[in-house]
Structures are given as structure tokens and as C-alpha cells.
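Coordinates in review
Each chain, letter by letter, is given below.
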Amino acid sequence: MSGPVLLQGGGEFSPACLPMDAAFVREVGGPVVVTALAGAVGREYQTATHNGVRHYAATAAGVEVLAAPDVREDPAAAVAVLRRARMIVLPGGSPSRLLDALTTTAAGDVVLTLLAAGGALSGSSAGAMVLGAWTVLPERPGPEVRPGLGVVPGVLVLPHWSGGRPDWLAAIERGVPDDTLLLGLPEESGVVVRARTVAAVGVAPTRLLRQGRDLPVGESWELPVTHEEPR
């Protein structure tokens with residue numbers, strides 16, 4: 001990876017997220033483009049995207065914040081807006097829907113190109129999950145572990161972390177390499193990933209599940225050096 005990535009556990013666009021998001025926007029600049037592709041086409045996409053625009057408009061004066069059209073409905077218009085971004089925001093929703101959108105439309109290529117050029121990404125809940133090397137898809141009859149988009153190598157995100165999800169953890173232990181860093185991200189909290197360093201931000205510590213310890217806000221952890229850069 002090249003540019004920084006903010007992975008959040010959920011509760012995006014709440015007042016408690018403003019300091020975390022404002023600090024990231026000050027670091028990376030704009031324009032900021034929101035695209036809620038984890039939501040269903042139509043009202044769900046539009047509502048989540050515009051909620052994100054309102055939230056990010058409050059983080060830093062003078063930074064342009066844009067709503068991208070839904071790439072699943074208007075690919076050309078969506079790509080035109082996404083390509084203007086210095087930072088792309090992927091809110092929560094369905095990780096399956098989001099991963100499908102990013103791997104079957106031009107939006108995924110724009111995301112990878114932006115990051116490679118030094119731009120930034122921010123993903124919350126499903127938006128954080130699919131950016132890792134691996135992701136959990138909460139399908140029926142049970143959760144499935146699949147390769148993620150891979151922009152953050154060697155990482156798997158468990159959002160809304162409060163110490164539970166034994167079904168997810170069982171699926172992870174069966175299907176994810178032992179050297180993968182499992183990040184339990186509480187709501188309104190997360191990590192900023194820069195190169196091979198993850199730094200905890202927000203209101204609560206990040207749980208490093210396989211290390212059996214918390215990463216307090218303001219502290220950092222190094223990713224293993226054996227992981228290759230994303231495709």
C-alpha cells in the first residue's frame with residue numbers, strides 16, 4: 001500500500017467520530033468522496049452517502065466533500081466523481097454487497113489507483129472489513145471467510161468489537177493464516193494504517209486478538225514484514 005487507510009469499527013458519522021475523522025482529513029486533505037456501496041441500490045445508498053457528506057463537511061472547513069453517484073446505476077458518472085477524490089469513504093452495511101461492488105465494477109480499480117498514488121481511504125464496519133487481506137462474510141447458514149480487496153495486507157477486521165462473535169472466530173481459525181493480524185475494532189474507534197504500522201485512534205482501544213492484548217489509543221503496532229504488497 002502507499003497512502004494511509006483508516007479502518008473503523010462502526011458507528012460512523014456519530015459525533016464521537018468527528019475528532020478521529022477530522023484529524024485524518026487534516027492529514028490527507030480533499031476532495032473527500034463518499035460512496036456507500038455496502039448499501040442497497042436506491043434509497044439506502046443515497047441516505048448513507050449523504051449522511052457521510054454531512055458528517056465530513058463538519059470535519060474541516062474548506063475541504064470539498066462530494067457524494068458519488070452509485071456506480072452500479074451510473075458507472076460513468078460515478079467514476080468521474082471518484083477520480084476527483086484525494087480520499088474515498090466507504091461506510092458500513094453489507095460486506096458481501098460491498099466486496100461484490102468493488103470487484104465487479106470500475107470502483108474497485110479507482111480505489112486501488114487512488115491508494116497507489118498516495119491517496120487515502122476510510123472504511124467503517126463493512127467498509128473496513130473488505131479492505132483487508134481477508135474478510136468475514138456473515139452468510140447463512142454460517143459465516144464464510146473470503147479474500148478481501150487486499151489493500152491492507154496481512155489484516156482481518158472484526159468490526160463492532162465487544163468481545164463476542166465465537167462463530168466468526170471459529171471460521172477465521174479454520175480459514176485464515178496464522179500470521180494474519182486480527183483487529184477487533186470497537187465502534188467509534190479504529191486504526192490508521194501507514195505502510196506497515198497500525199496506530200489506534202478513536203475512543204476505545206483496538207483488540208489484537210491473536211496477541212491477546214489491547215492496543216491503546218495513540219499506540220502503534222507493526223505488521224509482519226513477510227506480507228506482500230496488495231495486487
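Here is what the cut-offs are and how they apply
Residues numbered from 1 in each chain as written. Predicted model: local features only at pLDDT ≥ 70, side-chain atom pairs only at ≥ 80, totals over all residues. Heavy atoms only, no water. Helix = DSSP H or I, 4+ residues; strand = E, 2+ residues; numbered from the N terminus. Rg over C-alpha atoms; globule rule 2.2 N^0.38 Å. Buried < 20%, exposed > 50% of the residue type's maximum accessible area, 1.4 Å probe, protein only. Contact = heavy atoms within 4.5 Å. Arc of directions from axis to C-beta. Core = buried A, V, L, I, M, F, W, Y, C linked by side-chain atoms within 4.5 Å. Pairing = 2+ DSSP bridges. Axes fitted to C-alpha atoms, helices over the stretch in contact; angles between N-to-C directions.

The next point concerns the overall build of the protein. Counting its regular elements, the protein contains 7 helices and 14 strands. Here the C-alpha radius of gyration of the protein, 16 Å, is about what a compact globule of 231 residues would show, namely 17 Å. Taken over the C-alpha atoms alone, the protein extends approximately 40 × 35 × 30 Å along its principal axes. The buried share of the protein, taken over its 231 residues, is 53%. Long-range contacts, defined as pairs at least 24 residues apart, comprise 67% of the intrachain contacts of the protein with a sequence gap of at least 6.

It is worth spelling out the side chain of Ser 122 at this point. With respect to the helices and strands, Ser 122 occurs in strand S5 (residues 120-124). Residue Ser 122 is classed as buried on the basis of its relative accessible area, which comes to 2%. Leave out the neighbours within four places in its chain, and Ser 122 touches Leu 6, Gln 8, Phe 24, Tyr 56, Met 87, Ile 88, Val 89 and Leu 90.

Moving on: helix H5 (residues 106-116). For H5, every residue scored as buried is listed here: Ala 107, Gly 108, Val 110, Val 111, Leu 114 and Leu 115. Taken around the axis of H5, the buried residues stretch over an arc of 160°, which confines them to a single face. Facing away from the buried side of H5, by more than 90 degrees, are the exposed residues Asp 109, Thr 113 and Ala 116. On its buried side, H5 packs onto strand S1 (5-8), helix H3 (75-82), strand S4 (87-90), helix H4 (95-104) and S5. One or two residues past the end of H5 sits Gly 118, with phi positive at roughly 95°.

One finds Val 5, Leu 7, Ile 88, Leu 102, Leu 121 and Val 193 to be the most contacted residues of the largest nonpolar core, which totals 59 residues. With residues up to four places along the chain from it excluded, the contact list for Leu 7 reads Gly 123, Ala 128, Leu 131, Val 152, Val 155, Val 157, Leu 183, Leu 185, Ser 189, Gly 190, Val 191 and Val 193. One finds Phe 24, Val 28, Val 32 and Val 34 within the second-largest nonpolar core, a separate group that totals 17 residues.

Taking strand neighbours across the sheet as the criterion, the 8 strands line up as S3-S2-S4-S5-S1-S10-S11-S14 in an open arrangement whose pairing is mixed. Because the sheet does not close on itself, it has two edges, and the strands there are strand S3 (65-67) and strand S14 (220-222). The average undirected angle you get between the axes of adjacent strands in this sheet is 20°. Of the pairings in the sheet, the one linking strand S11 (residues 197-202) to S14 comprises 3 bridges and is antiparallel in character. Directly across from Ala 199, in S14, lies its bridge partner Ser 220. Those strands touched by helix H2 (residues 43-57) are S1, strand S2 (32-34), S3, S4 and S5, and its axis lies near 175° from that of S3.

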